Amino acid sequence: MLYSPLNYQGNKSRIVDCLLSLLPQDVSSIREIFCGSAVFSFASDVNKVFLNDINIHITDLIRFFHDNSADEIIEQADNIIRHYGLTNTFYEGKQPYPEHRHEGLSNYNKAAFNRLKAAYNSDKDIAKLFVLSIYSFNHYLRFNSNDEFNVPVGKVDFVKTLREKTRSYCRAIRNKEIIISNYDFRSDELYCGVEKSTVYYFDPPYLITQAPYNLFWTEREEIDLLNLIDKLNASGYRFILSNVIESNGKRNDLLYEWMEKYNVKHIHRQYLNSSYQKKNISNADEVAISNF
Ligand SMILES: C[S@@+](CC[C@H](N)C(=O)[O-])C[C@H]1O[C@@H](n2cnc3c(N)ncnc32)[C@H](O)[C@@H]1O
């Protein structure tokens, strides 16, 4: 089990042990094509990992965690929190901040968060982006067309569990050899000259669930991905694809038919949907598809 302090939308922390149980012993490297916070690669004991994501901000954050110790990262975060006057209940306790209804700490942090957001959008300091991700709504990392961080303030601050996640994530990353890129998944660069002892891991946006990065994922992308994986399979490469087949009464029919020719592990689990207004639990059929 590995948790990332980024709480990145769609991260694989909850099912990573199940996914890792599929990984063969003789793997020389992992190529994670939609890496996000790369929980799968970092939780594995494979040393060499190629990480790709079209979103440069998430890969910049991975570099930040790779190149700095947990102590350095936590110290930088605490300095920023202090400088901008955000709450830090880890040190101050919760007493100074009585919470009203469902607002959590958002009212206390709104002005300071907006000042930090403006500073980050001007200097692009990666440590500031980490702090923004801690205090942002649902820990979203979202940018507008001018590449400005544009998520509103959330309800929580840099609590003990996030500090612990920072430490375990840094430990997991530290000794890995990582190679990072930011290509669209269809780019030839990701598939040229790759050794057969590599395993490809695909965790794309899901057609039938919601996340900020799902906006640009349509049936066109889904079909291109499935065709691409078929080609890798025909060329003798091994792959794992994780996805959701059914959620909230919706079914991904494209994937449902395509996956029949491969090995499918159903990771049935309850999926928590949360929003400010409601919390409900729905059944989702989450799968890991592989060709070995
Ligand atoms: C489900 S998330 C991956 C989460 C990851 N497994 C983790 O543990 O955090 C899907 C990722 O695909 C990326 N993505 C979306 N479209 C892409 C594309 N066309 N090419 C490459 N990456 C893309 C998104 O930026 C997002 O980080």
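Residues numbered from 1 in each chain as written. Predicted model: local features only at pLDDT ≥ 70, side-chain atom pairs only at ≥ 80, totals over all residues. Heavy atoms only, no water.

*Asks:* Help me understand the environment of Thr59, please; the structure alone is not making it clear to me.
*Replies:* Among the structural elements, Thr59 can be located in helix H3 (residues 56–67). The exposure class of Thr59 is buried, given its relative accessible area of 0%. Put simply, Thr59 and Cys35 are 24 residues apart on the chain and 8.3 Å apart in space, counted from C-alpha to C-alpha. The contacts of Thr59, once residues within four sequence positions are left out, are Cys35, Asp53, Ile180, Ser181 and Asn182. (Helix = DSSP H or I, 4+ residues; strand = E, 2+ residues; numbered from the N terminus. Buried < 20%, exposed > 50% of the residue type's maximum accessible area, 1.4 Å probe, protein only. Contact = heavy atoms within 4.5 Å.)

*Asks:* It is not clear to me how unusual backbone geometry should be interpreted in this structure. Could you clarify?
*Replies:* Glycine aside, negative phi is the norm for most residues, and most peptide bonds take the trans geometry. Of note in this structure, Ala38 is not a glycine but carries a positive phi near 55°. In this fold, Ala38 is placed in the loop between strand E1 (29–32) and helix H2 (39–43). In the Ramachandran plot, Asp147 falls in the positive-phi region, its phi being about 65° despite a non-glycine side chain. Examined against the element boundaries, Asp147 turns out to sit in the loop between helix H7 (126–135) and helix H8 (160–174). For Asp147, a relative accessible area of 31% translates into the label partly exposed.

*Asks:* Before we go on, may I ask you to explain the confidence of the model for the protein in this structure?
*Replies:* Should pLDDT be low for a region, the predicted coordinates there are not to be read in detail. Mean pLDDT over the protein stands at 92; residues scoring 70 or higher make up 95%. Here residues 274–280 is a poorly scored stretch, pLDDT under 50, and it has 12 contacts once near neighbours within four places are set aside; other chains count. (pLDDT = per-residue confidence, 0-100.)

*Asks:* Where do I start with the site of the ligand in this structure?
*Replies:* The ligand sits among 21 residues. The nearest are Tyr8, Ser37, Asp53, Asp184 and Asp203. Here an oxygen atom of the ligand sits 2.6 Å away from a polar atom, N or O, in the side chain of Ser37. Asp53 places a side-chain nitrogen or oxygen 2.6 Å from an oxygen atom of the ligand. The protein chains hide 95% of the 610 Å² of surface that the ligand would expose on its own. (Near = heavy atom within 4 Å. Polar contact = N/O pair within 3.5 Å; in protein donor to acceptor, adjacent residues only side chain to side chain. Areas by Shrake-Rupley, 256 points an atom, 1.4 Å probe, with all protein chains shown as cover.)

*Asks:* Any chance you could explain the nonpolar core here in plain terms?
*Replies:* One recurring pattern in soluble globular proteins: nonpolar side chains tend to sit buried together. Core analysis: the biggest nonpolar cluster contains 60 residues, and Phe42, Leu51, Ile62, Phe65, Phe130, Phe149 and Phe158 have the highest contact counts within it. Mapped onto the domain boundaries, this core takes at least three residues apiece from domain 1 (13–54 + 182–290) and domain 2 (64–166). Beyond its immediate sequence surroundings of up to four residues, Leu51 is in contact with Glu32, Cys35, Ala38, Ser41, Phe42, Ile62, Ile178, Ile179, Ile180 and Ser181. Tyr200, Phe202, Tyr262 and Ile289 belong to the second largest nonpolar core, which has 24 residues in total. (Core = buried A, V, L, I, M, F, W, Y, C linked by side-chain atoms within 4.5 Å. Domains from an automatic or database assignment.)

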